[in-house]
Amino acid sequence: MSHLTTMPELEPGQDRTMILNMGPQHPSTHGVLRVILEIDGENVVRIMPDIGYLHTGIEKTCEAKFYQQVVPLTDRIDYLCPLTNNLCYVLAVEKLLGLEIPPKAQWMRVLLNELTRINSHLVWLGTHAMDIGALTVFLYCFREREDILRLFEAVSGQRMMTSYFRIGGLALEPPLGFFEQTRKFADRFPGKVDEYENLLTGNPIWMMRTKGVAKITAEDAIALGASGPTLRGSGVDFDLRRDIPYSGYENFKFKVPVSREGDVFARYMCRVQELRESIAIVQQALDGMPEGPIKADAPKIVLPDREKMKTQMEALIYHFKIITEGFAVPEGEVYQAVESPRGEMGYYVVSDGTPKPYRVHMRAACLANMQTLPKMCEGRLLADVIAAIGSIDIVLGEIDR
Amino acid sequence: MPLTPAVTDLQQLKTHPAIAKLLAWNSAAVEGAKFDRDETTIYIERSWLREACVLLRDDPGCPFNFLSDVTCVDWFPSEPRFEVVYQLLSIPKKERVRLKVRLEGTAPAIDTVTSVWPAANYFEREVFDLFGIRFTGHPYLRRLLMPEDWEGYPLRKDYPVEGYR
């Protein structure tokens, strides 16, 4: 436990300052983030995040698994948007394989990804508002989140660790009544976003706590590798879904919300607008959902249906071979990035031609976003650190992997 | 959709803007290039890495102003053992390119690019932590994820999955 006692190189510079340790168990650090602060009275002089408390060596574990066995591990990286991680990984492997995915599977992936984004933003909004002192919003957000988790449970059997996307398509056909339930939710949800905005957007206390707080310029945000709403809150108009589309996003029309100010309020506005845009994408996906298969026609890679497996010899053989030996992936390397609720989520997968990935590396959006924290907080009040940490929407599972 | 074979001939790829830019600047800095699955990889000679990065970042035609990722691949037991991989993104042009530097297995070290993109700070610390590659000139090269007193570098291929007992 020596890493608990070693204090990173923050020594009091002058007699006026003191070192304050925040976390790793602190309600406003959203997990196990430890922050070491040098403070002068109430003012932050220096700030240093200390991470790694949740490191589980997922990248190492991936190297010992078959390609299809890695999918459940990707859920556990960012537990607030498992489907985004599933998607990024399967897209990377499909690119390595050169596999074409049927349209229905692609549209289902987009639909579920946007629901995941809403789910993740709701957790962020609730906890962020609670950190700053607006407790009510939390209860409202979790009410709608519950609806989304029910949809996930209906479609995959799991509320959080879904593992619903598979290499070559989807795990299962969406159940009867799923689209009707989703449409009901999508019709109801914009009214709920109005409710949250009524509680926060024009609220004088909320504005005093967030406007002009934890500012970061566009140049600094780009240089420090920030992405997602943290980047767009500083006025950089860049969204991977629109600019480097994947999984059929080019078929959808949506706006990319951008705010210029670069403060906590700007990032808040970006994410709240994204809630509305995401639900618009869900509506489009429901309207245009194509008919057809949900799995690619690749019997050596995609598991056969249960029914076929029990009636056809060949399907049984393929099933047995995929489960016991996996499938070989041609040599090569791929970097696939998707727009996760937190920014650029990237998977770098290297294949050496065997059924196990030679290397899987995850580019965690939060890890890069967290590098902006010193820029945001230094020279400001201690209470603003809480607002800043909340506004970059960190998930420690993704940072530490 | 059958896979097209990778193009690994530098002569065929020299029209790619980033490769052309690098070749015009210093042909000794480019060891090779690869175009595979719509992704471009450029192998950079290690001593020229930092200058090549500055050149690509400041290129007015297609500025690679965003460093997406830095990671490493261990090709143990072959030599050169390590490949340090840089994923570059141009936000204005929406282009990606991948830089690679090969490093030998004994005492691998390479120049840091934190002065080019400050984003490299955590990424390089992570690579140092898990692969043991030294980034010379890094402002704060300490373990990032593992405990300070951890022995060995877990993501190396000669490190067992279940760890040393």
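Fair warning: this is a prediction, and the values are worked out from it, not measured in the lab.

J.: Mind showing me how you'd approach the overall build of chain A here?
T.: Each helix and strand counted, chain A has 18 helices and eight strands in total. Whereas a compact globule of 401 residues would reach a radius of gyration of roughly 21 Å, chain A reaches 22 Å, a difference of no more than 12%. Along the first, second and third principal axes, the C-alpha set of chain A runs to 80 × 50 × 30 Å. Among the 401 residues that make up chain A, the fraction classed as buried is 50%. The contacts of chain A with a sequence gap of at least 6 include a subset with a gap of at least 24, amounting to 70%.

J.: Sorry if this is basic, but what is going on with the overall build of chain B here?
T.: The number of helices and strands found in chain B is four helices and seven strands. Starting at the N terminus, the α and β elements of chain B follow one another as α-α-β-β-α-β-β-β-β-α-β. Whereas a compact globule of 165 residues would reach a radius of gyration of roughly 15 Å, chain B reaches 17 Å, a difference of no more than 12%. Counting only C-alpha atoms, chain B reaches 50 × 35 × 30 Å along its principal axes. A burial count over chain B gives 38% of its 165 residues as buried. For chain B, the share of sequence-separated contacts (at least 6 apart) that also reach a separation of at least 24 residues comes to 49%.

J.: Help me understand the confidence of the model for chain A, please; the structure alone is not making it clear to me.
T.: Caution applies to low-pLDDT parts of the model: their predicted coordinates are not meant to be read in detail. Of the residues in chain A, 96% reach a pLDDT of 70 or more, and the chain-wide mean stands at 87. The low-confidence segment residues 1-8 of chain A (pLDDT under 50) makes ten contacts with residues lying over four places distant or belonging to another chain.

J.: How do you make sense of helix α7 (residues 178-200) of chain A when you look at a structure like this?
T.: The periodicity of an α-helix, 3.6 residues per turn, causes residues three or four positions apart to be oriented the same way. Residues and elements named next belong to chain A. Along its 23 residues, α7 runs 32 Å from first to last C-alpha, staying within 8% of the 33 Å computed at 1.5 Å per residue. Remark: the principal bend of α7, roughly 35°, maps to F189, with a proline, P190, within the next four residues. Restricting attention to buried positions, one finds in α7 the residues T182, A186, F189, Y196 and L200. Here the buried face of α7 lies against α5 (103-132), α6 (135-156), α8 (204-210) and α12 (264-287).

J.: Even after reading the chapter, I still don't get the sheet that holds strand β7 (residues 343-351) of chain A, so can you show me in this structure?
T.: In a beta sheet, neighbouring strands are held together by backbone hydrogen bonds and run either parallel or antiparallel to one another. All names here are of chain A. The strand order β6-β7-β8 describes an open sheet built from three strands, whose pairing is antiparallel. Whereas interior strands pair on both sides, the edge strands pair on one side only; in this sheet they are β6 (332-340) and β8 (359-363). Ignoring which end each strand starts from, the neighbouring axes of this sheet average 15° apart. As paired strands, β6 and β7 are joined by nine bridges and run antiparallel to one another. Residue pairing for β7: G332 is matched across the bridge by S351. The sheet strands contacting helix α4 (residues 82-97) are β6 and β7, and the helix crosses β6 at an angle near 150°.

J.: Mind showing me how you'd approach the packing of α7 of chain A against α12 of chain A here?
T.: When two helices pack together, you describe them by how their axes are tilted relative to each other and by the distance separating the axes. Residue and element names in this part refer to chain A. Running from amino to carboxyl end, α7 crosses α12 at an angle of 160°, the nearest separation of the two axes being 10 Å. It follows from the interaxial angle that α7 and α12 lie roughly antiparallel. Crossing hand, α7 versus α12: left-handed. Residue-level contacts link F179, T182, R183, A186, F189, P190, V193 and E197 of α7 to V272, L275, R276, I279, V282, Q283 and L286 of α12.

J.: Sorry, what's going on with the environment of R150 of chain A here?
T.: By secondary structure assignment, the location of R150 of chain A is in helix α6. Between the C-alpha atom of R150 of chain A and that of V137 of chain A, which follows or precedes it by 13 residues, the distance is 20 Å.

J.: Would you take a moment to explain the environment of V116 of chain B for this structure?
T.: Its location among the elements puts V116 of chain B in the loop between β6 (109-111) and α4 (120-131). With near-sequence residues (within four places) excluded, V116 of chain B lies in contact with R50, C53, V54 and R57 of chain B.

J.: What am I meant to see in the nonpolar core here?
T.: One recurring pattern in soluble globular proteins: nonpolar side chains tend to sit buried together. V93 and A388 of chain A together with V84 and I133 of chain B are the most contacted members of the largest nonpolar core, which totals 161 residues. Excluding residues that lie within four positions of it along the chain, A388 of chain A makes contacts with A214, V264, L373, M376 and C377 of chain A.

J.: Which parts of the structure should I look at to understand α4 of chain A?
T.: Residues and elements named next belong to chain A. Between its first and last C-alpha, α4 extends 23 Å over 16 residues, near the 22 Å set by a 1.5 Å rise per residue. Taking burial as the measure, the 16 residues of α4 include 16 buried ones, the bulk of the element. Phi for G98, located one or two positions after α4, is positive at around 70°.

J.: Just to check I follow, could you spell out the sheet that holds strand β2 (residues 34-40) of chain A for this structure?
T.: Residues and elements named next belong to chain A. Reading across the sheet, the three strands line up as β1-β2-β3 and stay open at both edges, with antiparallel pairing between neighbours. A single partner strand is all that each edge strand has here, and the edge strands are β1 (18-22) and β3 (43-50). Pairwise comparison of adjacent strand axes, ignoring direction, gives a mean angle of 20° for this sheet. In this structure, β1 lies alongside β2, joined through five bridges in antiparallel fashion. Bridge pairing in β2 places L20 opposite L37.

J.: Explanation requested: unusual backbone geometry in the structure shown.
T.: Working note: non-glycine residues mostly have negative phi, and peptide bonds are mostly trans. Residue P77 of chain B is bonded to the preceding F76 of chain B through a cis peptide linkage, with omega at 5°. The omega torsion of the bond from E79 of chain B to P80 of chain B falls at -5°, within 30 degrees of zero and hence cis. Along the polypeptide, P80 of chain B turns up in the loop between β3 (66-74) and β4 (82-90). In the Ramachandran plot, A214 of chain A falls in the positive-phi region, its phi being about 55° despite a non-glycine side chain. Its location among the elements puts A214 of chain A in the loop between α8 and α9 (218-223). For A214 of chain A, a count of 26 C-beta atoms within 10 Å puts it in the buried group.

J.: Whenever I open this one, the pairing of strand β5 (residues 95-103) of chain B confuses me. Can you help?
T.: Residues and elements named next belong to chain B. In the sheet, strand β2 (residues 39-44) pairs with β5 via three bridges, with the strands oriented parallel. Bridge assignment links T41 to a residue of β5, and that residue is R98. Pairing between β4 and β5: nine bridges, direction antiparallel. The residue bridging L88 from the neighbouring strand is V97, located in β5. Counting the residues between successive antiparallel strands, the hairpin from β4 to β5 contains four residues, one of them, K94, with a positive phi of roughly 60°.

J.: Would you take a moment to explain the packing of α5 of chain A against α6 of chain A for this structure?
T.: Residues and elements named next belong to chain A. Direction vectors running N to C along α5 and α6 enclose 160°, while the axes themselves pass 8 Å from each other. Relative to α6, α5 is oriented roughly antiparallel. In this structure, α5 meets α6 at a crossing whose hand is left-handed. Note on element contacts: α6 touches α5 through L135, V137, F138, C141, F142, E144, R145, I148 and L151, opposite L115, I118, N119, L122, V123, L125, G126, T127, A129 and M130. A class-by-class count of the residues in the contact of α5 with α6 yields 14 nonpolar, three polar and two charged.

The rules we used
Counting from 1, residues in each chain are numbered in the order their sequence is written. Both sets of labels track the order of writing: A upward for chains, 1 upward for ligands. Residues qualify for local features only when their pLDDT is at least 70, as the model is predicted, and side-chain atom pairs are given and counted only at 80 or more; totals for whole chains, interfaces and linings, by contrast, use all residues. To qualify as a helix, a DSSP run of H or I must reach at least 4 residues; to qualify as a strand, a run of E must reach at least 2; elements of each kind are numbered from the N terminus. Only C-alpha atoms enter the radius of gyration, while the globule expectation follows 2.2 Å times N to the 0.38, with N the number of residues. The exposure scheme places C-beta atoms from the backbone and then counts, for each residue, the other C-beta atoms within 10 Å of its own, assigning buried at 20 or more, exposed at 12 or fewer, and partly exposed in between. Whether two residues are in contact is decided by their C-beta atoms, placed from the backbone, lying within 7 Å. The predictor rates its confidence in each residue with pLDDT, a number between 0 and 100. Residue count minus one, scaled by 1.5 Å, sets the expected span of a helix. The bend reported for a residue corresponds to the angle between axes fitted to the seven residues ending at that residue and the seven starting there. Two strands are said to pair when DSSP picks up at least two bridges between them. Each axis is a line fitted through C-alpha atoms, and for a helix only the stretch in contact is used; angles between axes span 0 to 180 degrees, taken between their N-to-C directions. Any angle that falls under 35 degrees is termed roughly parallel, while one over 145 is termed roughly antiparallel, one within 65 to 115 roughly perpendicular, and all others oblique. Each helix crossing is assigned a hand: it is left-handed if the near helix lies turned anticlockwise from the far helix by less than a right angle, otherwise right-handed if that turn is clockwise. In this description, a nonpolar core means buried residues of the types Ala, Val, Leu, Ile, Met, Phe, Trp, Tyr and Cys, linked to one another by C-beta atoms lying within 7 Å. Asp, Glu, Lys and Arg are counted as charged, while Ala, Val, Leu, Ile, Met, Phe, Trp, Tyr, Cys and Pro are counted as nonpolar; the rest, among them Gly, fall into the polar class.

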